[in-house]
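Analysis of the macromolecular model
Take a look at the letters that make up each chain.
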Amino acid sequence: MGTLNREQRERAVLEWLKSYRHPEYLRFEASGELSLVVQDRAQQIEDQWQEESALIWDQATRKKNWGTEEGRREFQMSLDRSYRAILERLMPAHEMEGHPLEP
């Protein structure tokens, strides 16, 4: 899967807001807070990714198969799963009633 750079994360957050949180998108846009909300959510993604990828690296290097093709494949699969989970947690692809975004 690979990770998204800052610009890609911000674009993804903006599209997510437009598609899944449209009333909030309109409210943030009208109040001038949209850019701040987008940047904040994109930074949350990056921060969580840094923490989780460091843990995955630490766990992977302790395994006996580290340095092998199998170990590399497991490591990459763990990274991909983790990144997808972060995106789903911070940008769920469904409405979450009662969970408003705050700038």
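The structure we're discussing is the one just above.
Residues numbered from 1 in each chain as written. Predicted model: local features only at pLDDT ≥ 70, side-chain atom pairs only at ≥ 80, totals over all residues. Heavy atoms only, no water.

On to the overall build of the protein, then. Each helix and strand in the protein was counted, giving four helices and zero strands. Put simply, the protein runs from its N terminus to its C terminus through helices and strands in the order α-α-α-α. Sequence separation of at least 24 residues holds for 74% of the intrachain contacts in the protein that already meet a minimum separation of 6. Roughly 6,800 Å² of accessible area belongs to the protein as shown, and the carbon and sulfur atoms make up 52% of that amount. (Helix = DSSP H or I, 4+ residues; strand = E, 2+ residues; numbered from the N terminus. Contact = heavy atoms within 4.5 Å. Areas by Shrake-Rupley, 256 points an atom, 1.4 Å probe, with all protein chains shown as cover.)

A word on the pattern of salt bridges. Counted under the stated rule, the structure contains ten salt bridges. The salt bridge partner of glutamate 15 is lysine 18, with a shortest N-O separation of 3.7 Å. On the criterion of helical spacing, the pair formed by glutamate 15 and lysine 18 is a turn pair, its members being three residues apart in helix H1 (residues 6-20). A relative accessible area of 32% means that lysine 18 is categorised as partly exposed. For the salt bridge of lysine 63 with glutamate 74, the shortest nitrogen-to-oxygen distance reads 3.5 Å. Of this pair, lysine 63 sits in the loop between helix H3 (34-62) and helix H4 (69-90) while glutamate 74 sits in helix H4; the two residues are eleven residues apart in sequence, bridging distant segments of the chain. (Salt bridge = Lys/Arg side-chain N within 4 Å of Asp/Glu carboxyl O. Buried < 20%, exposed > 50% of the residue type's maximum accessible area, 1.4 Å probe, protein only.)

With that settled, consider the nonpolar core. Ranked by internal contacts, the top residues of the largest apolar core, which has 20 residues, are Val13, Leu17, Leu34, Ile45 and Met91. Here this core gets eight residues from one element, more than from any other, and that element is H3. Residues in contact with methionine 91, not counting those within four places in the same chain, are Ala12, Val13, Trp16 and Ile45. (Core = buried A, V, L, I, M, F, W, Y, C linked by side-chain atoms within 4.5 Å.)

One can describe the packing of H3 onto H4 by two numbers: an axis separation of 10 Å at closest approach and a directional angle of 155°. Between H3 and H4, the angle is such that the two are roughly antiparallel. With respect to the hand of their crossing, H3 and H4 are arranged in right-handed fashion. Judged by residue contacts, Arg41, Gln44, Ile45, Gln48, Trp49, Glu52, Ser53, Ile56, Trp57 and Ala60 of H3 engage Phe75, Ser78, Leu79, Ser82, Tyr83, Ile86, Leu87, Arg89 and Leu90 from H4. Class assignment for the residues of the contact of H3 with H4 results in eleven nonpolar, five polar and three charged. (Axes fitted to C-alpha atoms, helices over the stretch in contact; angles between N-to-C directions. Parallel < 35°, antiparallel > 145°, perpendicular 65-115°, else oblique. Left-handed = near helix turned anticlockwise from the far one by under 90°. Nonpolar A, V, L, I, M, F, W, Y, C, P; charged D, E, K, R; others polar.)

An ideal rise of 1.5 Å per residue puts 42 Å on 29 residues; H3 measures up with 43 Å between its terminal C-alpha atoms. Within H3, the full set of buried residues consists of Leu34, Val37, Val38, Arg41, Ala42, Ile45, Glu46, Trp49, Ser53, Ile56 and Ala60. Along its buried surface, H3 packs onto H1, helix H2 (22-31) and H4. (Expected span 1.5 Å × (residues − 1).)

It is worth spelling out the packing of aromatic side chains at this point. Taken as a whole and assessed by the stated rule, the structure comprises four aromatic pairs. Between the aromatic rings of tryptophan 49 and tyrosine 83, the centroid separation amounts to 5.0 Å while the plane-to-plane angle is 85°, which identifies the pairing as edge-to-face. Linking tryptophan 49 in helix H3 with tyrosine 83 in helix H4, this pair joins segments that are 34 residues apart in sequence. Neither residue differs from the other here; tryptophan 49 and tyrosine 83 are each classed as buried. Among the aromatic side chains, those forming a connected cluster through ring pairs are Trp57, Trp66 and Phe75. (Phe/Tyr/Trp six-rings, centres within 6.5 Å; stacked < 30°, edge-to-face > 60°.)

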